[in-house]
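Inside the fold
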Amino acid sequence: MDSSRPPKRTNPRREAKGGQSEFKAPGRKDAYARLLSQHRSSTFTKFLEQYAKESSLLREDNGPHTLLQAQSDKMSIPQGKRDLVPNHLSDSSDFSPSSLKDKGDESSLSLYMVKLSIQNAQQDSERKPGVSEKNRKAQRRDTATSQDGDIESGEELSSFGPNDSRKHQRQRKKNKDTSKETVSKDISQFVENTQDKANLNQLEQEDTKKTKNNNLPKQLEAGKPIALIAKCSGDSHNFKSPHDLKKLQKPTDKNKNNGGRGSRKQVFEPYMTSEDVSRGLKRGELIQGQLRINPKKYHDAFIPSPDDTRDIFLDGIIARNRALNGDIVVVQLLPREQWKVVRSDTDCEGVSEAEAQKGNLIQKNIAQAPHTSVEDQRQFASKDHLENTSTSQSNSGALQMTAKVVYIVEKKHSRAVTGSLKFLPDKPFAMFSPVDHRVPRINVPLSDCPDDFISRHDDYANTLFICRITNCPADSNFAEGRLAKTLGQAGEIEPETEGILTEYDVDFSDFSDNVLECLPKNVPWNIPPEEMAKRKDLRKECIFTIDPATARDLDDALSCKPLPDGNFEVGVHIADVSYFVEEGKALDKTASRRATSVYLVQKVIPMLPRLLCEELCSLNPLADRLTFSVIWKITPEGKILSEWFGRSVIRSCVKLSYDHAQSMIEAPEKTFAAEELPPVDPEHRIDMIHQAVLNLHSIAKNLRAQRFSGGALRLDQLKLSFTLDKETMMPQGCYIYQYRDSNKLVEEFMLLANIATAHRIYKCFPELALLRRHPPPKAKMVDELQELCDQLGIDIDLSSAGALNKSLLSILGNDEYSIARKEVLTHMCSRPMQMALYFCSGVLQEEKLFKHYALNVPLYTHFTSPIRRYADIIVHRLLASSLNCGPKLAVSTEEVHKQASHCNEKKTASKRVQELSSELFFGVFVKDCGPLDSEAMVMAVLDQSFDVLVLRYGVQKRIYCKSVTGLASFHHRKVGKKSELTLLWTPEDPQEPPLEQVISIFTRVEVQLKADGVAMKCSTLLKRPNAIAP
């Protein structure tokens, strides 16, 4: 509301001499009388008296703090705000004359109760025998300056009249110095949170002029907060805006008043205490979840909704309250008036509910009660969504809850970021700008910067540094940090890679001496005879590995032996890493902490020392190796007749690549020469190995057909691979990785082994089994996707994993772009999917939650990659214990659960690092070889941009309409779930009309990939639609 607007009524008693306005609150008796006059019911009067008596008794038992605490809890005021009643009103949606009027009764009642309780407490103190006058006064002072410093004793609530002597006022002012400081600070913070900086500066200048006589309003002389005066007096209608509150404060002493012009305003709200958070979560008033910040729109953040519907939206940096991506946070839902109307399914671009009403969106205006639980508010949102779906307007959307962070449970983000330094003249610090825009800029001391940074700061413009955030003050938009390391020049692969690893907390340091001490000392190492005696000897069998050509950590091997009855003995043999990694040793702790190997384009960050992962555990050819084996007797059709688990010893006869195996599958009649394959053990003929591959391929096809007919789902997405220069490790070329029959062969038997192991360990250890589950997709997003596909004319069944897989197998058309359309649709179907997770079986009570949605199996785990996954090592230990061929388990359900959660986090980080490494190399490739032209297909349409799949390279890119050269204008419209952009191109001939291009899902466009100004980044440019059809 405009603060300059004149009041409706002028109160002459408020006009002071010299033009200075003064405010005089009515006496306490008048305030009480006014309150009672509003509620003349005798029942209400009795209720007030009874409440005061109970409050007095409660105070005698628990003290004044308990009473105020109980009232604060009842009003749902966070602990951090209980000392700042004005802050409780700082929400602009609540602070207005109308809202104050509506809340007047409740506010007056609350204040009245507090005053009665304090007055009774003072009377009790005065009645107590043996209490001196000095002690009584001390008790009153304690009340005045207690934790709830804005609540004063009855004596201190009284105010001076206009004729009080100045000497007496000065004495009162001196006695109340502490209270005045608190009040002044509270008022300043309230005003600063509700007013922009420019208006505040103007107001401060006006206040300085108006208060030269050093006369504070009488209520401030008494140390009473303005907000309480307004409520107590019943004259809340006289406060037209926060400007009026500011005018009542005089910043006379900057050193004492932190709210004056020399102070720094509070940018972020203080966090709630852990006790308040715990109570709020139990009452259902707060929500806990992992924060996810949109990397393309860093102002937008989300946490999952507890009921798996639409995510809860956090709008802007202030709402995130210093939390970073990945942190576990507790949020408080904002008032319904501040919820968002989401216009797009693929982008959370919403408007406030008030703005939605202006746009003729139908919303019910239901006031939110202060104690409404999260569940009730979700029901309101769901109800509104149902009402909105009946509206056929093109701009309508679903109502989405919004929230703000009130507590950080766990800082999952590493707080380490890469970026560049900027010199700030006349400042004792430099500005660090992170590459990741989701992280705030950081002030770092100049002492951390290079010695010549001040004199030669321009020389460091393209230098990458690593900075660690040490503090995020509440009164600044900038974090504070320390420089950890200078990486090198931006744009170079190694510095950029090290920065990525550091940001995602990947430990790439050398293994410590304590870890290396755990490794076998005698190299070359031989299997001890006593260990050989405990294992099944399979060294004479035809066993081989199939891996990528560049693989060095060979986890798994396969065998397939024909049986006289026409069936086969098929074996999956996994490196026995748990033999070398003893539980509780330094090596085990390090592997547990790393949790996974991290695969970059040019190298691998191993979970285990290279002596293990590349030598002693790796199933290298022509070497005796310890393994864990699963051997089945299986029919040619893939029916399992018997199963055996046990520890074994193998000797791989050859290391095949996927290319070798694929060539064998594609040429079943061919006789391969020795020079066409890697070295082969002379005890096994090449044709025998070839036949084993063919038999495995035949069985795998049957197993695969059974899986998918049984309801399994596979969502393959394009993966970019690179060819590297062997010396420089720079990209020479790139291609889309082909997933072929040889890959499917290995996958089927690994899945079979994992499923079999899951059943075994869960049967033996129902409370300790480490399993892997895949929750079903989010129902809300599935419904929206189904509606969108129906509008697009796509016949797709999303009712189950199997139904979806069957739909995707049907080719979308028979033209050359049918494969591309399938890739786009696969991407659309991947959006509602959730991540698969490790978990401990003793934590989840219902077995139906164990299910793996995509595989459509009740139990699943990871057993086949212990060299690169710590979860598999735990599974090996469980399996060994179940077979009585390993030590007894010394872990609890809680320990397994904790390790499972850690493995989930590290696996997610590893996946993201791998993606960033690929983006890094692709940026270098485009810079060296670009610009690159390609066809692309639209995957998603937003209101000002659209995403495309670049068909030649399989990468996904976003094109922003405002950045398109030659575009005259664009227009967005949405009908139902279908979103379209109409682009109008400036004609080459001024006499011609603009060229129109409609962008929707599956539209084909021509794009150009070009090196961006930012190091290692490339931008995607839309080309004029001259020769390409829509």
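The rules behind each value
- Within each chain, residue numbers correspond to sequence positions counted from 1 in written order.
- Only residues with pLDDT of at least 70 get local features here, since the model is predicted, and only at 80 or more are side-chain atom pairs given and counted; chain-wide, interface and lining totals rely on the full set of residues.
- Think of the side-chain values as coming from all heavy atoms in the structure, minus any hydrogens and water.
- Think of it this way: any DSSP run of H or I at least four residues long counts as a helix, any run of E at least two long counts as a strand, and we number them from the N terminus.
- Buried residues are those whose accessible area, probed at 1.4 Å on protein chains only, stays under 20% of the maximum for their type, while exposed residues exceed 50% and partly exposed ones sit between those limits.
- Between two residues, a contact is recorded if the distance between any of their heavy atoms is within 4.5 Å.
- Method for areas: the Shrake-Rupley scheme with a 1.4 Å probe, in which residue coverage is limited to the protein chains shown.
- Two rings belonging to Phe, Tyr or Trp (six-membered ring only in the last case) form a pair when the distance between their centres is within 6.5 Å. Interplanar angles under 30 degrees mark stacking, angles over 60 mark edge-to-face geometry, and anything in between is tilted.
- Only when the NZ of Lys or the CZ of Arg is both within 6 Å of the ring centre and within 35 degrees of the ring normal is a charge said to sit over the ring.
- Whenever a nitrogen or oxygen atom comes within 3.5 Å of another N or O atom, the pair is scored as a polar contact, on the condition that within protein one atom can donate a hydrogen and the other can accept it, and that pairs from neighbouring residues in sequence are kept only if both atoms are in side chains.
- The predictor attaches a confidence to each residue, and that confidence, scored 0 to 100, is pLDDT.
- In short, DSSP must find at least two bridges between two strands for them to pair.
- All axes here are fitted lines through C-alpha atoms, helices being fitted over the stretch that makes contact, and every angle between N-to-C directions spans 0 to 180 degrees.
- Here, nonpolar core refers to any group of buried Ala, Val, Leu, Ile, Met, Phe, Trp, Tyr and Cys residues whose side-chain atoms link them within 4.5 Å.
- Working rule for angles: under 35 degrees goes down as roughly parallel, over 145 as roughly antiparallel, 65 to 115 as roughly perpendicular, anything else as oblique.
- The hand of a helix crossing depends on one turn: near helix anticlockwise from the far one by less than a right angle means left-handed, and clockwise means right-handed.
- Charged residues are taken to be Asp, Glu, Lys and Arg, nonpolar residues to be Ala, Val, Leu, Ile, Met, Phe, Trp, Tyr, Cys and Pro, and polar residues to be all remaining types, Gly included.
- The working definition used for a salt bridge is a side-chain nitrogen of Lys or Arg within 4 Å of a carboxyl oxygen of Asp or Glu.
- Lys and Arg are tallied as positive, Asp and Glu as negative. Neither His nor the chain termini are counted.
- Two cysteine sulfurs form a disulfide in these notes if their separation is within 2.5 Å.

**Structural notes on the overall build of the chain**
Scanning the chain from N- to C-terminus turns up 30 helices and 35 strands. Here the chain holds 1030 residues, and 52% of them are scored as buried. A separation threshold of at least 6 residues defines the contact pool for the chain, and within that pool the share at least 24 residues apart is 68%. A total of about 50,100 Å² of accessible surface is found on the chain, and carbon and sulfur atoms cover 49% of it.

**Focus: the packing of aromatic side chains**
Tallied over the full model, the rule gives twelve aromatic pairs. Centroid distance Trp525 to Tyr579: 6.2 Å. Interplanar angle 50°. Geometry classified as tilted. Placement of Trp525 in the loop between helix H19 (513-516) and helix H20 (529-533) and of Tyr579 in the loop between strand E18 (568-575) and helix H21 (586-594) is noted, with a sequence separation of 54 residues between them. Centre to centre, the rings of Phe839 and Phe850 are 5.0 Å apart; their planes meet at 55°, and the pair counts as tilted. Placement of Phe839 in strand E27 (residues 837-840) and of Phe850 in the loop between E27 and helix H29 (870-882) is noted, with a sequence separation of eleven residues between them. We classify Phe839 as buried; its relative accessible area is 6%. Looking at Phe850, the relative accessible area reads 2%, which means it is buried. The rings of Phe423, Phe453, Tyr460 and Phe465 are connected pair by pair, giving a single aromatic cluster. Residue placement shows Arg714 over the ring face of Tyr739; its charged tip is 4.3 Å from the ring centre. One cation-aromatic arrangement involves Lys719 over Tyr737; the distance from NZ or CZ to the ring centre is 5.6 Å.

**Some words on the side chain of Gln602**
Examined against the element boundaries, Gln602 turns out to sit in the loop between strand E19 (598-599) and strand E20 (604-605). Reaching out from Gln602, the side chain makes a polar contact with the side chain of Thr497 at a distance of 3.4 Å. Dropping the residues within four chain positions of it, Gln602 is found in contact with Ile493, Glu494, Thr497, Leu724, Met729, Ser917 and Phe921.

**A few points about the confidence of the model for the chain**
Looking at the chain as a whole, its pLDDT mean stands at 77, while 68% of the residues score no less than 70. In the model, residues 120-262 has pLDDT below 50 throughout and makes 212 contacts with residues more than four positions away in sequence or in other chains. This stretch, residues 344-371, has a pLDDT under 50; its non-local contacts, to residues over four places away or in other chains, come to 73 contacts.

**Examining the sheet that holds strand E1 (residues 286-290)**
The strand order E1-E5-E9 describes an open sheet built from three strands, whose pairing is antiparallel. The two strands at the open ends of the sheet, each matched to only one other strand, are E1 and strand E9 (403-410). Taking the axes of each pair of neighbouring strands and ignoring which way they run, one obtains an average angle of 30° across the sheet. Taken together, the five bridges between E1 and strand E5 (residues 328-333) define a ladder with antiparallel strand orientation. Residue pairing in the sheet places Gln288 in a bridge with Val330 of E5. Docked against the sheet, helix H14 (residues 274-282) engages E1, E5 and E9, running at close to 100° with respect to E1.

**Overview of the nonpolar core**
If you look at the biggest cluster of nonpolar residues, it comprises 93 residues, and the most contacted ones within it are Phe544 and Phe749. For this core, the element with the highest residue contribution is helix H25 (residues 741-764), accounting for ten residues. Setting aside its immediate chain neighbours within four residues, Phe544 contacts Ala557, Leu558, Ser652, Cys653, Val654, Leu656, Ile689, Ala692, Val693 and Leu696. Counting 43 residues, the second-largest nonpolar core is a separate cluster that includes Phe722, Leu932, Val941 and Leu983.

**Digging into the packing of helix H18 (residues 493-503) against helix H30 (residues 893-929)**
For the pair H18 and H30, the least separation of the axes is 10 Å and the interaxial angle reads 160°. The angle between the axes of H18 and H30 places the two elements in the roughly antiparallel class. Judged by the twist between their axes, the crossing of H18 over H30 is right-handed. Judged by residue contacts, Ile493, Glu496, Thr497, Ile500 and Leu501 of H18 engage Val913, Leu916, Ser917, Leu920, Phe921 and Val924 from H30. Here the residues of the contact of H18 with H30 sort into eight nonpolar, two polar and one charged.

**Re the sheet that holds strand E14 (residues 479-489)**
Pairing is mixed around the closed barrel formed by five strands, whose spatial order is E10-E11-E12-E14-E13. Going from strand to strand, the sheet's axes swing by 50° on average, the running direction of each strand aside. In this structure, strand E11 (residues 429-434) lies alongside strand E12 (residues 442-445), joined through four bridges in antiparallel fashion. Among the inter-strand pairings, Met431 is bridged to a residue of E12, identified as Asn443. Against the sheet, H18 touches strand E10 (416-422), strand E13 (463-471) and E14, its axis set at about 145° to E14.

**Considering the pattern of salt bridges**
Under the defined criterion, the tally for this structure stands at 52 salt bridges. The partner of Asp311 in a salt bridge is Arg292, and the shortest N-O contact between them spans 2.6 Å. Placement of Asp311 in the loop between strand E3 (300-303) and strand E4 (312-315) and of Arg292 in strand E2 (residues 292-293) is noted, with a sequence separation of 19 residues between them. On the basis of relative accessible area, Asp311 is assigned to the buried category, the value being 12%.

**Considering the side chain of Glu496**
For Glu496, the position within the fold is in helix H18. The side chain of Glu496 sits in the buried core without any salt bridge; Lys1017 is the nearest counter-charge, 7.4 Å away. A distance of 3.0 Å separates a polar side-chain atom of Glu496 from the backbone nitrogen of Gly491.

**Considerations on unusual backbone geometry**
Along the chain, Val523 connects to Pro524 via a cis peptide bond; the corresponding omega equals 5°. Structurally, Pro524 is set in the loop between H19 and H20. Here Asn321, not a glycine, exhibits a phi torsion of approximately 50°, which is positive. Looking at the element boundaries, Asn321 is found in the loop between helix H15 (317-320) and E5.

**Description of the pairing of E14**
In the sheet, E12 pairs with E14 via two bridges, with the strands oriented parallel. Bridge pairing in E14 places Asn443 opposite Glu480. In terms of strand pairing, E13 meets E14 through eight bridges, oriented antiparallel. Across the sheet, Ile466 pairs through a bridge with Lys485, a residue of E14.

**Things to note about helix H27 (residues 801-809)**
With seven of nine residues buried, H27 lies mostly within the body of the structure. Turning to H27, its buried residues number three or more, namely Ala801, Gly802, Ala803, Leu804, Asn805, Ser807 and Leu808. Elements in contact with the buried residues of H27: helix H24 (686-709) and helix H28 (818-830).

**Describing the state of the cysteines**
Throughout the structure, instances matching the rule amount to zero disulfides. Free cysteine: Cys542, not disulfide-bonded; nearest cysteine sulfur from Cys653 at 4.2 Å. For Cys542, a relative accessible area of 13% corresponds to the buried category.

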